[in-house]
Amino acid sequence: MNPPLNQMLQSQIQIEDDRTGLSIETLRRAIADNLFYIQGKFPAIATKHDYYMALAYTVRDRLLHRWLNTLEVYLKQDVKLVCYLSAEYLVGPHLVNNLINLGIYEQIRQAVEESGLNLQQLINTEEEPGLGNGGLGRLASCYMDSLASLEIPAIGYGIRYEFGIFDQEIKDGWQVEITDKWLQDGNPWEIARPEAAVSVKFGGHTESYLDDQGNYRVRWLPEYIVKGIPYDTPILGYKVNTANSMRLWTSEACESFDFQRFNVGDYYGAVDRKVFSENLTKVLYPNDEPIKGKELRLQQQYFFVSCSLQDMIRIHLNEGNTLDNFAEKFAVQLNDTHPSIGVAELMRLLIDVHYYPWEKAWEITEKTFGFTNHTLLPEALERWPLGLFGHLLPRHLEIIYEINKRFLDQVRLKYPGNNEKLSSLSLIDERGDKYVRMAHLACVGSHKINGVAQLHSELLKKTLLKDFYELLPEKFTNVTNGVTPRRWMVVSNPELSQLISSKIGENWIKNLDELRKLEGFIDDGGFRQQWREVKRKVKQDLAQYIHDKLGIIVSPDSLFDVQVKRLHEYKRQHLNVLHIITLYNRIKQNPNLDITPRTFIFGGKAAPGYHQAKLIIKLINSVGDIVNHDPEIGERLKVVFLPDYNVTLGQRVYPAADLSEQISTAGKEASGTGNMKFSLNGALTIGTFDGANIEIREEVGEENFFLFGLKTEEIDQLRAQGYNPQDYYNSNPELKAAIDLINSGFFSHGDGGLFQLLINSLLYLDHYLLFADYQSYLDCQERVSQAYKDQEHWTRMSILNTARMGKFSSDRSIREYCDKIWNTSPVPIQMKDYVQADG
Ligand SMILES: [N-]=[N+]=N[C@]1([C@H](N)O)O[C@H](CO)[C@@H](O)[C@H](O)[C@H]1O
């Protein structure tokens, strides 16, 4: 009996599976099929976005096997999971990152081009999910990339905001915020999991009762309940079979329509539950550091934390475990205090829902959590008024009181009669309206507490958490931040990555310490020339982008001096502006002055309510307008403010920089991570003795780093002896001239008052010591200009910066978290070929 026709044909013509095949022909067919069957379009009517979606689904098909395989292995092997709780993730665009991690970039590029499409245009179509403000959110995503690349089982829990960080437009030099409708064209990289929905309670009251066995129990009778729907996004590891998940929660009303209210004519009441529930995850709070104690913010935090912990408990119990070994199976990391309500929530779930005795519940809780602090800024420390807290979370307040009572009993034992210790350590700030101190809850409820750079972790122990350190020293450790070389080198700077791989192979991408091998080529003039050519090419690309976007012409031969980060007075973008104005004045006084031509490039968003930060953006653009159009200055100085700085733009900017500005007041920048991305891409750093700058300088060598400014201990002395910024203003003519020029209205069409608030904050307070560091900064910048004149030497320093950045891979950070805090190890995934298996 002859085999069926198609089988005969198949044996003759090898046709790859449409969803897994990697031949150019199969990929082209898959893109065409997805355009037709998913986008419902044929080429003549298809938009670029349709082709992007068709391509995205084609790529997604080729990662699903890894994703489901990983899930199956985790379930089968009952692995220990790292659960990263973060209110922010700045994942950036997925497409190219997934192509690199899957190792199929070349095949896809060919298939797209043979389909008559332009891959870069499709790449530029993707809207990035801006579900974060800055460093903290991006760090979470770098860590997710490293967890998967190191084959560590993990879930990244967070919030699926409908609107992420606002899009920034610059109108007449001012920041204007535009709603970030990132989901409006759909998101091919996520899958909804309504079957895993959970309920979250809010408000109401508690009541105690005796259960059938006569045990004292408490039940929480909420005022309303919201449903949490998870959306999963695969997080691929680099060239491994592991694909972990980022599970982001969206809120929905349990009941979309309240007929009772409707029937009594309360039409708005009938839907307000729905409206409230959906508003919960509507928008990201756009503040990087300074917090706004808004009720909705606490509701968002409790919502995603409760969803996540309930999800973990369900996963654990589904595997036939009891909660006795929950801490052995789940390492939950609190990304700052934003998810720290989790300590009280896990206690509630263990005691009220799973009937554990307090002591056992506390033992499990403390073992489960680790807490990372990301800032020392007092205004960034979350504390919630008791009234608001108790109104929203009555049961949690009871639990926090009990945690506090038992904790202070411990404190009394160690410091008998020391009421000052009691009040400074208490979870409750008894002053004024009384507050719950979230950092204290996180410290008491976690077995490990870490800062994000060596200096920061030391300052945590000496200042902010001094009392906790003296009481619980064994809990404190440090894990210096890191960045993933996949996105910040291979995806962002393919030219430099290829040059490096051509010399030392590709292992550096997985093991960044291998970059050290580049030092062996430093005396190779040809290699230095190639290094400069790559830098010039990417500078040329950025210059083109600046011209296309802003119409400003900048020369790739000028020194690209770059400061991109959130706008904040402690980051001192306005000190950078004082340098620019000083150079401007020097040229105006001596038009033949031979200075190293510079292009000053700024980028960064200001929190909408942070007026001083917005004023600094206006100042940068106002100075830029004058400098860029002053014929006497010509090409020697150019000032550019790049609007809407985000991950996508960062991928353009970091590779193109010659000089990385890391000029925060010492002791204020916990770590910084942009500093690492710049050095990795061969930029030299001008920076203060602050955050991770210190460790970068240690690694690259002080001779390859431009250090300036007061150190923390010098600042403490200066403040102690009384710091008067006027002394510096009156004794430094160039500083005075720069300030007076701003004050004169020279940069603001004669309106001397425009920047008054900013100038007064400097003249009469200068909390961030710009005036004190001004001369040291100027002198250091002069050293930079001299160094740049010797391109051979500059190139050597640039190569050494890249070569010695191995420590700052997020892979190293994650290995440290695994060893010091999470006690987890890799679980390699063997690929099971679903297609064949189920053939
Ligand atoms: N929040 N917060 N903190 C920060 C950043 N602003 O997001 O976290 C970042 C990630 O740890 C740090 O690099 C940075 O110094 C610190 O200010």
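An unreviewed UniProt entry lists the protein chain under the name Alpha-1,4 glucan phosphorylase, with Gloeothece verrucosa as the source organism. Quoted verbatim from the Cofactor (unreviewed entry) heading of the UniProt record, the comment on the protein chain is "pyridoxal 5'-phosphate". Per UniProt, the comment on the protein chain under Sequence similarities (unreviewed entry) is "Belongs to the glycogen phosphorylase family."

Draft legend 1. The sheet that holds strand E23 (residues 659–662), seen in detail. An order of E22-E21-E20-E23-E24-E25 is seen for the six strands of this open sheet, with the pairing classed as parallel. The outermost strands of the open sheet, each flanked by one partner alone, are strand E22 (637–642) and strand E25 (706–707). As judged from the six bridges shared by strand E21 (residues 598–603) and E22, these two strands associate in the parallel manner. Bridge pairing in E22 links Phe600 to Val639. Along the sheet, helix H24 (residues 611–628) makes contact with E21 and E22, crossing E22 at roughly 145°.

Draft legend 2. Broad picture of the pairing of strand E6 (residues 174–178). By the bridge criterion, five bridges tie strand E5 (residues 167–171) to E6 in an arrangement that is antiparallel. What sits directly across from Glu169, in E6, is Val176. In this antiparallel pair of consecutive strands, E5 and E6, the connection spans two residues, and Asp172 shows a positive phi of 55°.

Draft legend 3. Region of the structure containing the UniProt feature "modified residue: N6-(pyridoxal phosphate)lysine" (unreviewed entry) in the protein chain. Per the UniProt entry, the sites bearing "modified residue: N6-(pyridoxal phosphate)lysine" (unreviewed entry) are Lys677 in this numbering. Here Lys677 falls in the buried class, since its relative accessible area comes to 5%.

Draft legend 4. Summary view of unusual backbone geometry. For Lys434, which is not a glycine, the phi torsion comes out positive at approximately 65°. Structurally, Lys434 can be placed in the loop between strand E16 (428–429) and strand E17 (435–437). On the accessibility criterion, Lys434 (32% relative accessible area) is partly exposed. Backbone geometry places Asp766, a non-glycine residue, at a positive phi of 50°. Judged by its relative accessible area of 1%, Asp766 falls in the buried class.

Draft legend 5. Quick peek at the side chain of Gln168. You can see Gln168 is positioned in strand E5. Of the polar contacts made by the side chain of Gln168, one reaches the side chain of Gln175; its length is 2.9 Å. A distance of 2.8 Å separates a polar side-chain atom of Gln168 from the backbone nitrogen of Asp644. Not counting residues within four places of it along the chain, the set of residues in contact with Gln168 comprises Gln175, Val176, Gly604, Lys605, Ala606, Ile617, Phe641, Leu642, Pro643, Asp644 and Tyr645.

Draft legend 6. Local environment of the pairing of strand E18 (residues 448–451). Burial along E18 is two-sided: the face carrying Lys448 and Asn450 and the face carrying Ile449 and Gly451 are both buried. Bridge analysis of strand E14 (residues 369–372) against E18 gives three bridges, and the strand direction is parallel. Its bridge partner lying in E18, Phe371 is registered against Ile449.

Conventions we followed
Residues numbered from 1 in each chain as written. Predicted model: local features only at pLDDT ≥ 70, side-chain atom pairs only at ≥ 80, totals over all residues. Heavy atoms only, no water. UniProt positions renumbered as here; feature names shortened; annotations may be inferred. Pairing = 2+ DSSP bridges. Helix = DSSP H or I, 4+ residues; strand = E, 2+ residues; numbered from the N terminus. Contact = heavy atoms within 4.5 Å. Axes fitted to C-alpha atoms, helices over the stretch in contact; angles between N-to-C directions. Buried < 20%, exposed > 50% of the residue type's maximum accessible area, 1.4 Å probe, protein only. Polar contact = N/O pair within 3.5 Å; in protein donor to acceptor, adjacent residues only side chain to side chain.

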